Amino acid sequence: MTVATTTTTGGGPVDAPVTPPRIVRQRRMRPGLLGLAVLLIALGGLGSAFAVTSVRATGSYLAVARTVPVGATLSADDVLTVQVAGGQGLDPVPADRIGEVLGKRASVTLTPGTLLTMAQLTDKPLLGPGQQQVSLGLKPAEVPAKRLRPGDKVLLLSTPGRDDTGDAPPTRFQATVIDMATPASNTVVLYLALASKDVPPVVALASDGRIAVVLNAAA
């Protein structure tokens, strides 16, 4: 469509066609798509806020302040409060539950600088009636498992001495693992609960290097 306009050039008016301006129609967004876009933006904002909160969130937990040997009773001097961020995958004892851990026994050796967990503590005595604790120094190859844990049942067997013919059956001793330590790369120390009557012969055999350890049942 054209529109005639009148202009003056010299002597009189002249009609000239004029092209009207082009009208660009705006696209209309469907209400459903608009709502979806708003929802995605909102979810993105919530996700970002959750991520920042997870990274920044801290909690007060109990950590081990000094070495606590297995079987020792936990006191207030053995623990301290630390701030830990995140904590996913961990199960440390919250600082406000300190009253629940004081007075419990360490079921394993507690190492300074580590977070305290309830699994490391027990209310039960580590030595039963008529039992005593002994320690055996062994080579890694003499330990029946890569890691023995408190409560594992082991069998101690006497091995033949230099003058033995090997015909006599080995002497057997039942024991329970209290703890295990590796003070050096080639040394393993096994702490065992043993019947009091078996302590003297086991100590004598161990001093001669005539003890074999067999795992009977895992805790």
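Just above sits the structure.
Described below are features of the structure shown in this document.

The rules behind each value
- Residues numbered from 1 in each chain as written.
- Predicted model: local features only at pLDDT ≥ 70, side-chain atom pairs only at ≥ 80, totals over all residues.
- Heavy atoms only, no water.
- Core = buried A, V, L, I, M, F, W, Y, C linked by side-chain atoms within 4.5 Å.
- Buried < 20%, exposed > 50% of the residue type's maximum accessible area, 1.4 Å probe, protein only.
- Helix = DSSP H or I, 4+ residues; strand = E, 2+ residues; numbered from the N terminus.
- Contact = heavy atoms within 4.5 Å.
- Arc of directions from axis to C-beta.
- Pairing = 2+ DSSP bridges.
- Axes fitted to C-alpha atoms, helices over the stretch in contact; angles between N-to-C directions.

**Points about the nonpolar core**
Move 1: In this structure, Leu 136, Val 154, Leu 156, Leu 190, Leu 192, Leu 194 and Val 213 are the most contacted members of the largest nonpolar core, which totals 20 residues.
Move 2: Among the secondary structure elements, those contributing two or more residues to this core are β7 (131-138), β8 (153-158), β9 (172-184), β10 (187-195), α3 (199-207) and β11 (211-217).
Move 3: Residues in contact with Val 213, not counting those within four places in the same chain, are Leu 136, Leu 138, Glu 142, Pro 144, Val 154, Leu 155, Leu 156 and Leu 190.
Move 4: Formed by 13 residues, the second largest nonpolar core is a distinct cluster that contains Val 64, Ala 95, Val 108 and Leu 110.

**Things to note about α3**
In an α-helix, one turn spans 3.6 residues, which is why side chains three or four residues apart end up on the same side.
Move 1: Listed as buried for α3 are Val 199, Val 202 and Leu 205. Buried residues in α3, looked at end-on, bunch into an arc of 135 degrees, giving them a common side. Residues of α3 that are exposed and point more than 90 degrees away from the buried face comprise Pro 200 and Ser 207.
Move 2: Gly 209, located one to two residues past α3, shows a positive phi value of around 70 degrees.

**Side note on the sheet that holds β11**
Move 1: Across the sheet, five strands lie side by side as β7-β10-β9-β8-β11; this open sheet has antiparallel pairing. The two strands at the open ends of the sheet, each matched to only one other strand, are β7 and β11. Between one strand and the next, the sheet's axes are offset by a mean angle of 40 degrees, whatever the strand orientation.
Move 2: As defined by bridge partners, β9 adjoins β10 across seven bridges and the pair is classed as antiparallel. By the bridge assignment for β10, Thr 176 is matched with Ala 193.
Move 3: Packing against the sheet, α3 makes contact with β7, β8, β9, β10 and β11, and its axis sits at approximately 10 degrees to β7.

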